[in-house]
Amino acid sequence: MRRRSFLLGAATAAAAGTAGWYRSRIVETPPSVHYPGMQAGHALRDGAALPAPSAHYQHNVAILGAGVAGLSCAWKLAREGFTDFVVVQGPEFAGNAAAGKRDELDYPLGAHYLPLPSMASTHVREMLSDFGIIERGAGDVHPTYDEALLVHSPQERLLRNGRWEEGLLPMTGLPDEDVAQHHRFLALIDRLHTQVGNDGRKVFCIPLVLSSQDPAWRALDAITFKQWLAREGYTSPALHWYLNYCCRDDYGAQYDVVSAWAGLHYFASRDGHAANAGEGAVLTWPGGLAVLAARMRDAITQKLGHNRWLIPGTAVRVDETAAGPRVTCITGMADTTGMPGMTGMNGTQAATAAYTLQTRRTVCAMPLFVAQRILPDIRAYGYDPAVHTSSHAPWLVSNFVLEGYPLEAPGEPLSWDNVVYQGRALGYVVSTHQLLRVARSPRTVFTAYHALSGQTPQAARRWLTTASPEALRDEAAADLVAAYGSEFWRNARQLDITVRGHAMASPLCGYLSNAGLAALREVDGPVLFAHADLSGYSVFEEASWWGVVAAGRILGQKPAS
């Protein structure tokens, strides 16, 4: 709740005394905790009883899931003039790109930025051009972007030795040998941006499937990123911390399990440029990538002339029939909010209704650990869950609504991205950073990210399902308290915690040679697959790519290879 203002009058002195007593106390903000998708997911896992379908519909195409992949598929279909399709929303519109809002302040519940797309990401450039985000030169090396959406300065800072430093890779106060190693690594990445394999392809590319197949480079997938660093003579503790942080931030896993190929891909595949921004710029919004999900939704509605294409419900079964896939969907299991043990957290709460969709083609635009439960046998497509399932990282995304700003340590000013050196979590972003104001907004949201990579994903998920809201709050606030001390709570007025138990696939060693993922990428029949899981890691460009590829197959277009 916002602080109540006291009216001037006869009771001013008493009110001021009460307010002063209240403000002298440090009260940790009670959290509101959300578990999107958990209820429906656990119902599928546990084989919960489902109601008999009470309605039946027919459509040419059904897209199961309104995350980035599903929306991209629908956007591409509508853009090409294909109209007979529906999108079954699933438990959360936009999925990992969802957003929240409190008192007119938007904030992300997942992904919060988009790197400038490279030349190979033509599908993203096409989308951004349609939405007016790329204003000119979508096919150029240096397009012109909407200035308001390019991240403003100061962009990022690091809290180290009690002081905020510019950038995230430490460069000051280190031994000369360490600084030399940092520069050597950065120079290597600069070369790898244009490195080509023996097949003429870029070694590191987004979309991932367009990367070189050169065995000499792909061999990096057999060792961890940490092992590669040791092999190449990188010993700087600060560099190791930074690269481990990057793996946790982009992949949800630590560098001692992440593939060395993936660790380098994180840096070397990012080569987008802008005519009106410096190197390393990104696109961001107060609500994160939810804006792109909303733009896709609006573009689809405009093309079709109605909004009936997006229907409520969660797909729970796909049966292949002579007429095509028949999809059973349930409604009433959208989200679970509250403490562990509440009805619905373990799948015990029944769905309110069910319906079926008879289709000619169905796109499974959902995580593969869900798809394997709604298909009679996903092994028929060449994917064996016992062998091919990727590790999925659990995350906390926590939004602290602040009245005013906490007192800063010396050094660089509050930035868009703020990270604590050797912190437990991944730092925090400031949702109001992009608002064009002469002065700071009086209220803001700090969005804290935390990949629970310090334990196995299974152990972390067990903890998430039993931890109290207070325990989740303590974990969510770890870096903020490290940066500001307990005084931080004087400014925090509301706290929304989003628990994502299977937030993203992590590219561990061997993921490039995952035969099951390779098989699903090639499926082109009544059932299609579209999700970032097909790439083995989760970013907007990969999710969107597989949605566009699925749409292309429906339209009879051959995907790029």
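Residues numbered from 1 in each chain as written. Predicted model: local features only at pLDDT ≥ 70, side-chain atom pairs only at ≥ 80, totals over all residues. Heavy atoms only, no water.

A. Highlighting the overall build of the chain. Summing up its helical and strand segments, the chain has 17 helices and 21 strands in all. Its C-alpha atoms give the chain a radius of gyration of 24 Å, near enough to 24 Å, the size a compact globule of 561 residues would have. Projecting the C-alpha coordinates of the chain onto the three principal axes gives extents of approximately 80 × 60 × 45 Å. Put simply, the chain has 561 residues, and 57% of those count as buried. Taking the intrachain contacts of the chain between residues at least 6 apart in sequence as the baseline, contacts between residues at least 24 apart amount to 75%. Surface exposure of the chain reaches about 23,000 Å², of which carbon and sulfur atoms provide 53%. Separation of charge centres in the chain, based on 47 positive and 51 negative side chains, amounts to 5 Å. (Helix = DSSP H or I, 4+ residues; strand = E, 2+ residues; numbered from the N terminus. Rg over C-alpha atoms; globule rule 2.2 N^0.38 Å. Buried < 20%, exposed > 50% of the residue type's maximum accessible area, 1.4 Å probe, protein only. Contact = heavy atoms within 4.5 Å. Areas by Shrake-Rupley, 256 points an atom, 1.4 Å probe, with all protein chains shown as cover. Lys, Arg positive; Asp, Glu negative; His and termini not counted. Charge placed at Lys NZ, Arg CZ, Asp CG, Glu CD.)

B. Local environment of the sheet that holds strand β17 (residues 417-420). Pairing in this open sheet of eight strands is mixed, and the strands run β1-β20-β16-β19-β18-β17-β9-β10 from one edge to the other. Edge positions in the sheet fall to β1 (31-34) and β10 (163-166), since each of these pairs with one other strand and no more. Averaged over all adjacent pairs, the angle separating strand axes in this sheet is 25°, with direction ignored. Across nine bridges, strand β16 (residues 392-403) lies against strand β19 (residues 443-451) in antiparallel orientation. Pairing of F400 across the sheet is with F446, part of β19. Docked against the sheet, helix α8 (residues 237-251) engages β9 (156-160), β16, β17, β19 and β20 (492-505), running at close to 125° with respect to β17. (Pairing = 2+ DSSP bridges. Axes fitted to C-alpha atoms, helices over the stretch in contact; angles between N-to-C directions.)

C. Geometry of the packing of helix α4 (residues 122-130) against helix α17 (residues 540-554). Following both chains from N to C, one finds α4 and α17 inclined at 90°, their axes separated by 9 Å at the closest point. Relative to α17, α4 is oriented roughly perpendicular. The segment α4 lies against α17, with H123, V124 and M127 engaging F540, E541, S544, W545 and V548. Residue composition of the contact of α4 with α17, by class: five nonpolar, two polar and one charged. (Parallel < 35°, antiparallel > 145°, perpendicular 65-115°, else oblique. Nonpolar A, V, L, I, M, F, W, Y, C, P; charged D, E, K, R; others polar.)

D. Region of interest: the environment of A439. Mapped onto the secondary structure, A439 falls in the loop between β18 (428-430) and β19. The class for A439 is exposed, based on a relative accessible area of 53%. With 337 residues separating them along the chain, A439 and R102 place their C-alpha atoms 21 Å apart.

E. Here's a closer look at the domain arrangement of the chain. You can read the domains of the chain as domain 1 (38-108 + 286-378 + 524-555), domain 2 (117-280) and domain 3 (392-505). Its C-alpha centre places domain 1 at a distance of 28 Å from the equivalent point of domain 3. Taken together, the contacts link 19 residues of domain 1 with 25 residues of domain 3. Of the roughly 1,900 Å² buried at the junction of domain 1 and domain 3 (both faces included), carbon and sulfur atoms supply 57%. (Domains from an automatic or database assignment. Buried area = accessible area lost by both parts, 1.4 Å probe.)

F. Representation of the pairing of β9 in the model. With four of five residues buried, β9 is to be regarded as a mostly interior element. Judged from the four bridges that link them, β9 and β17 form a sheet pairing that is parallel. Considered in β17, the bridge of L158 is made with V419. Once β9 ends, the chain turns through two residues before running back antiparallel as β10, passing N161 with a positive phi of about 55°.

G. The arrangement of the environment of R25 in detail. Secondary-structure assignment places R25 in the loop between α1 (12-24) and β1. When its relative accessible area of 39% is taken as the criterion, R25 is described as partly exposed. With 464 residues separating them in the primary sequence, R25 and W489 have C-alpha atoms 9.6 Å apart.

H. Representation of the packing of aromatic side chains in the model. Applying the stated criterion across every chain yields a total of 25 aromatic pairs. For the ring pair W241 and Y245, a centre distance of 5.5 Å and an interplane angle of 25° mean the geometry is stacked. Remark: Y245 and W241 occur in helix α8; sequence separation between them is four residues, near one turn of the helix. For the ring pair F400 and W489, a centre distance of 6.0 Å and an interplane angle of 55° mean the geometry is tilted. Residue F400 is located in strand β16, and its partner W489 is located in the loop between α15 (478-484) and β20; the two are separated by 89 residues in the primary sequence. Considered together, F400 and W489 belong to a single accessibility category, that of buried residues. Feature note: the residues F185, F225, W228, Y234, Y242, Y251, Y266, F267 and Y537 constitute an aromatic cluster, connected by ring pairs. Above the plane of the ring of Y421 lies R160, whose end atom (NZ or CZ) is 5.9 Å from the centre. Lying over the aromatic face of Y405, R440 brings its terminal NZ or CZ to 4.5 Å of the ring centre. (Phe/Tyr/Trp six-rings, centres within 6.5 Å; stacked < 30°, edge-to-face > 60°. Lys NZ or Arg CZ within 6 Å of the ring centre and 35° of its normal.)

I. Highlighting the nonpolar core. Ranked by size, the top nonpolar core spans 94 residues in total, and within it I63, L64, F85, L283, I374 and F529 carry the most contacts. With nine residues, the single largest contributor to this core is α17. Taken together, domain 1 (38-108 + 286-378 + 524-555) and domain 2 (117-280) each give at least three residues to this core, which thus spans both. For F529, the residues in contact, after removing those within four places along its chain, are C364, L368, A371, L375, I378, Y381, L520, V523, L534, W546 and A550. Within the second largest apolar cluster, 55 residues are counted, among which are F185, V203, L229 and Y255. (Core = buried A, V, L, I, M, F, W, Y, C linked by side-chain atoms within 4.5 Å.)

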